[in-house]
Amino acid sequence: MHILHVVGARPNFMKAAPVYSALAARNVRQTLVHSGQHYDFNMSDVFFEQLGLPAPDINLQVGSGSHAQQTAQIISRFEAVVLEQKPDLVVVYGDVNSTVAAALVCAKLLVPVAHVEAGLRSFDRTMPEEINRLMTDQVSSWLFTPSPDGNENLKQEGVAPDKIHLVGNVMIDTLVRMLPQTAARIPSDLPARFALVTLHRPSNVDDIPWLSSMLQELSKISAELPVWFPVHPRTRERLQNAGLNGHAQALRLMDPLPYLDFLALQTRATAVITDSGGIQEETTYLGISCLTVRENTERPITATMGTNTLVGRRIERVRDEVQNILRGDTKKGSIPPLWDGHAAERIADILAGT
Ligand code: UD1
């Protein structure tokens, strides 16, 4: 059997690593394709290094562009790869443009697709990722869900139940494996209490008045709780173009961090303030308070079971929740079932047994 994996953007790499390794342990022939959606050293290469993923066999080198351009380039270049490689099945991860592009190519060529992290829904179709999730799930033959809500969503959309497999969370597999290495990655100047911030969603960083008010609030927070803020390239660009760097002077801005270094900061953070999907899950596993600056989440289990609080785009909620956390009034959570470090093995058992 020949399995081809497609990855493209930062959050894909930590999901693919455990699946690749579990299939390797079952002696499956594998080919790793990188779309090139993320191409900076600190958005891509460093993750391969730290996660022990082999260098991609093929890099489509599509780079940045509008959604249509980026998706179209991947579709066009990936089709040639599938025709040449003739995989028995293709595994795609998460909800980025590379995911949906690869899935569509396979659907047209009648190559079966396995979607890791299927079934998640924010029910917000203004999010590019929601469109990617819906489309990918519709054309996939194996839908591996991280939580029961994923199964429910897929059934509601008419997906045949025998295609749906609740396997748990592969991102947590990587976290569990890497956690022991984080102690050595704690910066010597890390404050005892601090807020860790990431913002990169268009809804937060493309709305300049909103971004400006968030930066002002974070600056106020930093008077009590130092703010460490690794800045995504998209956000860096917006800050520069809108002349907002002055608003961020009180904050500790830094380049995007490698996996281990960011995880190390999460383990010590007093609060995490983010619009990321994966960080909502990682903080839930770690029991760290997470404030999600979005109106909705495709990962509701992190709020119902975990430590995640949706604060929406309301500055006063951010302020109030940070005050609660500083007073020690934090949300207590528990770890969802099957977020146990073995999700990828369950996937590999199913795929290698086909
Ligand atoms: C993508 C995913 C998003 C995920 C995020 C994690 C989609 C639709 N979005 O968003 O779900 O949460 O990755 O990072 O696929 N850039 C660089 N260097 C890079 C990559 C990007 O400078 O290595 C800059 C470019 O200016 C680019 C911008 O970041 O235009 C956005 O990159 P893109 O891949 O389009 O989307 P992300 O915002 O990273």
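Residues numbered from 1 in each chain as written. Predicted model: local features only at pLDDT ≥ 70, side-chain atom pairs only at ≥ 80, totals over all residues. Heavy atoms only, no water.

Novice: Please clarify how the packing of aromatic side chains should be interpreted in this entry.
Specialist: Aromatic rings in a pair are described by how distant their centres are and how their planes are angled relative to each other. Counted by the stated rule, this structure contains 3 aromatic pairs. Pairing phenylalanine 13 with phenylalanine 48 gives two aromatic rings, centres 4.9 Å apart and planes at 55°, and the pair type is tilted. Of the two residues, phenylalanine 13 is situated in helix α1 (residues 10-25) and phenylalanine 48 in helix α2 (residues 45-51); the sequence distance between them amounts to 35 residues. The two residues phenylalanine 13 and phenylalanine 48 agree in class, both being buried. Measuring from ring centre to ring centre gives 6.1 Å for phenylalanine 194 and tryptophan 228, while their planes differ by 50°; the resulting arrangement is tilted. (Phe/Tyr/Trp six-rings, centres within 6.5 Å; stacked < 30°, edge-to-face > 60°. Helix = DSSP H or I, 4+ residues; strand = E, 2+ residues; numbered from the N terminus. Buried < 20%, exposed > 50% of the residue type's maximum accessible area, 1.4 Å probe, protein only.)

Novice: What should I look at first to understand the environment of isoleucine 172 in this one?
Specialist: Relative to the helices and strands, isoleucine 172 is located in helix α7 (residues 170-178). Using a relative accessible area of 0% as the deciding quantity, one classes isoleucine 172 as buried. Residues within four places of isoleucine 172 in sequence aside, it is in contact with Glu281, Glu282, Tyr285 and Trp339. (Contact = heavy atoms within 4.5 Å.)

Novice: Even after reading the chapter, I still don't get the sheet that holds strand β2 (residues 29-34), so can you show me in this structure?
Specialist: Adjacent strands of a sheet form backbone hydrogen bonds with each other and so pair up, either parallel or antiparallel. Spatial strand order, β3-β2-β1-β4-β5-β6-β7: 7 strands in an open sheet with parallel pairing. Edge positions in the open sheet fall to β3 (58-59) and β7 (164-166), since each of these has one partner strand only. The sheet contact formed by β2 and β3 spans 2 bridges and is parallel. Bridge pairing in β3 places histidine 34 opposite asparagine 59. Each of β6 (142-145) and β7 is contacted by helix α6 (residues 148-156), which is oriented at about 165° to β7, the strand it contacts most. Sheet strands in contact with helix α15 (residues 343-352) are β1 (2-7), β4 (89-93), β5 (113-116), β6 and β7, and its direction is about 165° off that of β6. (Pairing = 2+ DSSP bridges. Axes fitted to C-alpha atoms, helices over the stretch in contact; angles between N-to-C directions.)

Novice: How should the packing of α7 against helix α12 (residues 278-286) be read in this particular structure?
Specialist: In a pair of packed helices, the angle between the axes and the distance between the axes together describe the arrangement. It is the contact of α7 with α12, at a shortest axis distance of 10 Å, that shows an interaxial angle of 50°. By the angle class used here, α7 and α12 are oblique. Between α7 and α12 lies a crossing whose hand is right-handed. Contact residues: α7 offers Met171, Ile172, Leu175 and Val176, while α12 offers Gly278, Glu281, Glu282, Tyr285 and Leu286. (Parallel < 35°, antiparallel > 145°, perpendicular 65-115°, else oblique. Left-handed = near helix turned anticlockwise from the far one by under 90°.)

Novice: Sorry, what's going on with the layout of surface pockets here?
Specialist: Summary: where empty space remains is shown by rolling a probe the size of a single water molecule over the atoms. Looking at the largest pocket, its volume works out to about 1,100 Å³. If you trace the largest pocket, you find 47 residues lining it, with Arg10, His38, Met43, His200 and His232 closest to the centre. Secondary-structure elements contributing two or more residues to the lining of the largest pocket are α1, α3 (67-85), α5 (128-138), α10 (233-241), α11 (259-268) and α12. Split by domain, the lining of the largest pocket shows at least three residues from each of two domains, domain 1 (2-169 + 339-352) and domain 2 (180-326). (1 Å grid on protein atoms, 1.4 Å probe; cavity = no way out; pocket = protein on both sides within 12 Å on 5 of 7 lines; lining within 4 Å. Points joined across faces, edges and corners; volume = space filled by probe spheres on them. Domains from an automatic or database assignment.)

Novice: What exactly am I supposed to notice about the nonpolar core here?
Specialist: Looking at soluble globular proteins, one finds that nonpolar side chains tend to be buried together. Ranked by internal contacts, the top residues of the largest apolar core, which has 40 residues, are Leu51, Val91, Phe144, Tyr259, Ile347 and Leu351. Per-element tally for this core: the top contributor is α1, with 8 residues. Split by domain, this core shows at least three residues from each of two domains, domain 1 (2-169 + 339-352) and domain 2 (180-326). (Core = buried A, V, L, I, M, F, W, Y, C linked by side-chain atoms within 4.5 Å.)

Novice: I keep staring at the packing of α1 against α15 and nothing clicks. Help me out?
Specialist: Direction vectors running N to C along α1 and α15 enclose 50°, while the axes themselves pass 8 Å from each other. Viewed along their axes, α1 and α15 adopt a mutual orientation that is oblique. At the point where α1 passes α15, the crossing takes the right-handed sense. Residues Pro18, Val19, Ala22 and Leu23 of α1 lie in contact with α15, whose contacting residues are Ala344, Glu345, Ile347, Ala348, Leu351 and Ala352. Across the contact of α1 with α15, the residue classes break down as 9 nonpolar, no polar and 1 charged. (Nonpolar A, V, L, I, M, F, W, Y, C, P; charged D, E, K, R; others polar.)

Novice: When you look at empty space enclosed by the protein in this model, what are you seeing that I'm missing?
Specialist: Counted by the stated rule, this structure contains 1 cavity of 30 Å³ or more. Roughly 40 Å³ of internal volume is contained in the largest cavity. Taken together, Val116, Glu117, Phe144, Pro146, Val167, Gly168, Asn169, Val170 and Ile347 make up the lining of the largest cavity. Split by residue class, the lining of the largest cavity holds 6 nonpolar, 2 polar and 1 charged.

Novice: Even after reading the chapter, I still don't get the site of the ligand, so can you show me in this structure?
Specialist: Around the ligand there are 22 residues in total, and Gln37, His38, Asn97, Glu129 and His200 lie nearest to it. Histidine 232 is positioned such that a nitrogen or oxygen atom in its side chain is 2.9 Å from an oxygen atom of the ligand. For the ligand, the cavity whose grid points lie within 2 Å of the majority of its atoms is the largest pocket. Listing elements by their share of the shell around the ligand, those giving two or more residues are α1, α3, α5 and α10. It is α10 that contributes the most residues to the shell around the ligand, 3 residues altogether. Residue composition of the shell around the ligand, grouped by class: 6 nonpolar, 9 polar and 7 charged. Counting contributing residues, the shell around the ligand receives three or more from each of domain 1 (2-169 + 339-352) and domain 2 (180-326). (Near = heavy atom within 4 Å. Polar contact = N/O pair within 3.5 Å; in protein donor to acceptor, adjacent residues only side chain to side chain. Sits in = over half its atoms within 2 Å of the grid points.)

Novice: Any chance you could explain the pairing of β1 here in plain terms?
Specialist: The side chains of a regular strand alternate, residue by residue, between the two faces of the sheet. For β1, a buried count of 6 out of 6 residues is recorded, marking the element as mostly surrounded by other parts of the structure. By the alternation rule, side chains of β1 split into His2, Leu4 and Val6 and Ile3, His5 and Val7, which are all buried. Handedness of the crossover joining β1 and β2 through α1 is recorded here as right-handed. (Right-handed = clockwise from strand over helix to strand, strands pointing away.)

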